[in-house]
Amino acid sequence: MCAAVVYTVGAARLRRRGDAWPWRRDCVFAAGCAAVVWGLAGPVPGGPFTAHTGRHLLTAMAGPALLAVARPLTLVLRLLPPGRPRRGLLRVAHSPAAGGLLFPPVAAAVDVGGLWLLYRTDLWEAAHRHALLGGLLELHMLLAGLLFAMAVYRLDPVRGRCGLSLRAVTLLAAGAAHAVLAKSLYLSGPPGTAFAAADLRAGAQLMYYGGDAVEVFLALVLAVQWYAATGRRRARQAARDAVPAGAH
């Protein structure tokens, strides 16, 4: 929750100096932090696999989706004064590596591909035998979820421009891959595990429907962006049409 405090303090500094920063972003960022913390350390009901699935949804999907929509990179850039730290952060955000990772299909492959490796190979069993590997996988799921959400939203100033069509298609493809994974887990658990059938089915259903809910949220953000972009295009066209032909 330290990140939520830092974000709130930074947003308050912007407002004190007269910059506009909507309060709803503070609330969304705090909700994202709460989701991640709850997924990592809070109690989640259900059997072992169902509880794990609930944590996955909070830590790797819902939390990152909320964090990304709050535009944390934009906040940091607006807080930093002109100088080396700000230029360095912009260089990283606009670097070819960042552009490649934030290309929506690449981000989707990192995010959903990691889940397929976790649940459909021996990686799950290895992660439960080695605490360090388990911790690294938790970190990967959080960062991969954040990467995917930022790649779909494109709200922060990062390298490259990706149209709404590509982002929407990528979101649909990633959602389909996640749904297929959930259905496969309904039939058989990760290799090397022996979950009770009822627990496995409940966890798979939670993954399926919970993933759909987060993907609907992502789609709604894209829909708002499309609506705003369409309104701006129509306003520009109306302004051009209002100018008399002889004024050009």
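Cut-off values and rules
- Residues numbered from 1 in each chain as written.
- Predicted model: local features only at pLDDT ≥ 70, side-chain atom pairs only at ≥ 80, totals over all residues.
- Heavy atoms only, no water.
- Helix = DSSP H or I, 4+ residues; strand = E, 2+ residues; numbered from the N terminus.
- Buried < 20%, exposed > 50% of the residue type's maximum accessible area, 1.4 Å probe, protein only.
- Axes fitted to C-alpha atoms, helices over the stretch in contact; angles between N-to-C directions.
- Parallel < 35°, antiparallel > 145°, perpendicular 65-115°, else oblique.
- Contact = heavy atoms within 4.5 Å.
- Nonpolar A, V, L, I, M, F, W, Y, C, P; charged D, E, K, R; others polar.
- Phe/Tyr/Trp six-rings, centres within 6.5 Å; stacked < 30°, edge-to-face > 60°.
- Expected span 1.5 Å × (residues − 1).

Novice: Outline the overall build of the protein, listing residues and values.
Specialist: Helix and strand counts for the protein come out as 11 helices and zero strands. Its helices and strands in sequence order give the protein the pattern α-α-α-α-α-α-α-α-α-α-α, from N to C terminus. If you line up the protein on its principal axes, its C-alpha atoms span 75 × 40 × 30 Å. Counting only residues that meet the buried cut, the protein has 42% of its 248 residues in that class.

Novice: Before we move on, could you go through the packing of helix H1 (residues 2-16) against helix H2 (residues 23-41) and cite the residues and values that matter?
Specialist: Relative orientation of the contacting elements H1 and H2 amounts to 170°, with a least axis distance of 9 Å. One way to sum up the angle between H1 and H2 is to call them roughly antiparallel. For the pair H1 and H2, contact is made by Ala3, Ala4, Tyr7, Thr8, Ala11 and Arg15 and by Trp23, Arg25, Asp26, Phe29, Ala30 and Cys33, respectively. Split by residue class, the contact of H1 with H2 holds eight nonpolar, one polar and three charged.

Novice: Break down the packing of aromatic side chains for me, citing the residues and quoting the values.
Specialist: Overall, the coordinates contain eight aromatic pairs when judged by the stated rule. On the basis of an interplanar angle of 80° and a centroid distance of 5.0 Å, the ring pair of tyrosine 208 and tyrosine 209 is categorised as edge-to-face. Relative accessible area serves as the criterion here: at 23%, tyrosine 208 is assigned to the partly exposed category. According to the relative accessible area criterion, tyrosine 209 is exposed, its value standing at 57%.

Novice: An account of the environment of arginine 24 is needed here, citing residue identities and associated values.
Specialist: Its location among the elements puts arginine 24 in helix H2. A relative accessible area of 60% means that arginine 24 is categorised as exposed.

Novice: Summarise H2; cite the residues concerned and give the values.
Specialist: The end-to-end C-alpha separation of H2 is 27 Å, in line with the 27 Å expected for 19 residues at 1.5 Å each. Within the sequence span of H2, burial applies to Arg25, Asp26, Phe29, Gly32, Cys33, Ala35, Val36 and Gly39. Those residues of H2 hidden inside the fold are in contact with H1, helix H3 (48-69), helix H4 (72-79) and helix H9 (131-153).

Novice: Tell me what's going on with unusual backbone geometry, and back it up with residues and numbers.
Specialist: For arginine 71, which is not glycine, the phi torsion reads 55° and is therefore positive. You can see arginine 71 is positioned in the loop between H3 and H4. The phi dihedral of arginine 154 falls on the positive side, at around 55°, and the residue is not glycine. Its place among the elements puts arginine 154 in the loop between H9 and helix H10 (164-187). Residue classification places arginine 154 among the buried positions, given a relative accessible area of 15%.

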